[in-house]
Amino acid sequence: MNTMTRDLTASVRAEILRLGRWPAFWIVLATWVLLNLTFAYLFNYLAYTSGENGAMSDGLPRDVLLGQLMPAAVPEVFTQGMSMFGGALVLILGALAVGSGYGWGTWKTVFTQGPSRAAAVTGLLVTLLAVVFALVLAAFAVDIGIATVIAASESQPITMPALDDSLVGIITGTAILGMWTAAGAFIGAIARGPALAVGLGLVWVLVVENLLRGVAGIFGPIEAVTNLMPGTAAGSAAGAMRTVAGPANPGVLDILTRGESFALLAIYVLAFAGGTIWLMTRRDLT
């Protein structure tokens, strides 16, 4: 094992230990799982039970809404909140993971006494990607459990989602949340602190992109730019999972195809991760 590989492995282990003992880490992850259950199942189930047979509930016929609460629909349903609200939360996670090291002075210690800068930063990014993948798997499993309970309580057949649908859903969720996490890490490296990085990231995700897309509807040339923005790629990836016509969740779009959105998400992940590594290895810490 060469020095770089050994340093990278040590950095990943150190980051797993650090994040695992960091309360903010668990708070962010638990918040996303709770929001996912609330918006994907609790509100929709209340809307279903409050309507009359055949009536419209939450903008959808009750039978269609019930179908969205079944286990077979989990790959579609659990990705719908990732493009905006889930993305905002994991962006906070990435910004905190990188930015807090500047505020606490731990990056200076690591870079002067630990492994190489590139290995240390890459180790953090690899750990964050693994966390995102684990979070997507956990959310998928929890949603399957909740949907199964709903199906049993409504005397519906319990049909698990197809394997290929499940894989596409998990890949989509990992790509969306991975991109926003890398964006948060990049902003944290730029701002060199958690507070400003979190603020800038949330303003971009929740405000700036939506405003630009609104302006694009009036001023056409801006559309060429908005179609390539991170939120557009994430929203289109989530939109590609939809099978039911009707109102979409905030941030869910149909601008790009699945292939185009995946390609753009991959470009952004590489750009954000590469930018984070470049900044933190080339810039002096003062």
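Scroll up to find the structure this text is about.
Residues numbered from 1 in each chain as written. Predicted model: local features only at pLDDT ≥ 70, side-chain atom pairs only at ≥ 80, totals over all residues. Heavy atoms only, no water.

Caption draft 1: Expanded view of the packing of aromatic side chains. Enumeration over the complete set of coordinates arrives at nine aromatic pairs. For the ring pair W22 and W104, a centre distance of 5.7 Å and an interplane angle of 75° mean the geometry is edge-to-face. Of this pair, W22 sits in the loop between α1 (3-20) and α2 (23-50) while W104 sits in helix α5 (residues 82-104), and the two are 82 residues apart along the sequence. Taken together through their ring pairs, the aromatic side chains of F39, F43 and F85 make up a single cluster. Directly above the aromatic system of W22 lies the positively charged group of R18, at a separation of 5.8 Å from the ring centroid. Here the basic side chain of R62 rests over the ring of Y48, its NZ or CZ set 4.1 Å away from the ring centre. (Phe/Tyr/Trp six-rings, centres within 6.5 Å; stacked < 30°, edge-to-face > 60°. Helix = DSSP H or I, 4+ residues; strand = E, 2+ residues; numbered from the N terminus. Lys NZ or Arg CZ within 6 Å of the ring centre and 35° of its normal.)

Caption draft 2: Just unusual backbone geometry, in detail. Even without glycine at this site, S155 takes up a positive phi of about 55°. Positionally, S155 belongs in the loop between α7 (117-153) and α8 (163-191). The exposed category is assigned to S155, whose relative accessible area is 66%. With a phi angle near 60°, R192 is a residue other than glycine that sits in the positive phi range. Relative to the assigned elements, R192 resides in the loop between α8 and α9 (194-216). (Buried < 20%, exposed > 50% of the residue type's maximum accessible area, 1.4 Å probe, protein only.)

Caption draft 3: Representation of the nonpolar core. Y41, V98, W107, I176, L177, W180 and M280 are the most contacted members of the largest nonpolar core, which totals 73 residues. With 15 residues, α7 is the largest single contributor of residues to this core. With residues up to four places along the chain from it excluded, the contact list for M280 reads V98, Y102, W107, F111, R117, V121 and A189. (Core = buried A, V, L, I, M, F, W, Y, C linked by side-chain atoms within 4.5 Å. Contact = heavy atoms within 4.5 Å.)

Caption draft 4: Summary view of the pattern of salt bridges. Applying the stated criterion across every chain yields a total of one salt bridge. Across the pair R18 and E15 runs a salt bridge, and its minimum N-O distance is 2.8 Å. Note that R18 and E15 are positioned in helix α1 at a spacing of three residues, about one turn of the helix. The class of R18 is partly exposed, set by a relative accessible area of 24%. For E15, a relative accessible area of 10% gives the class buried. (Salt bridge = Lys/Arg side-chain N within 4 Å of Asp/Glu carboxyl O.)

Note that all results are geometric; they support no functional claim without further evidence.
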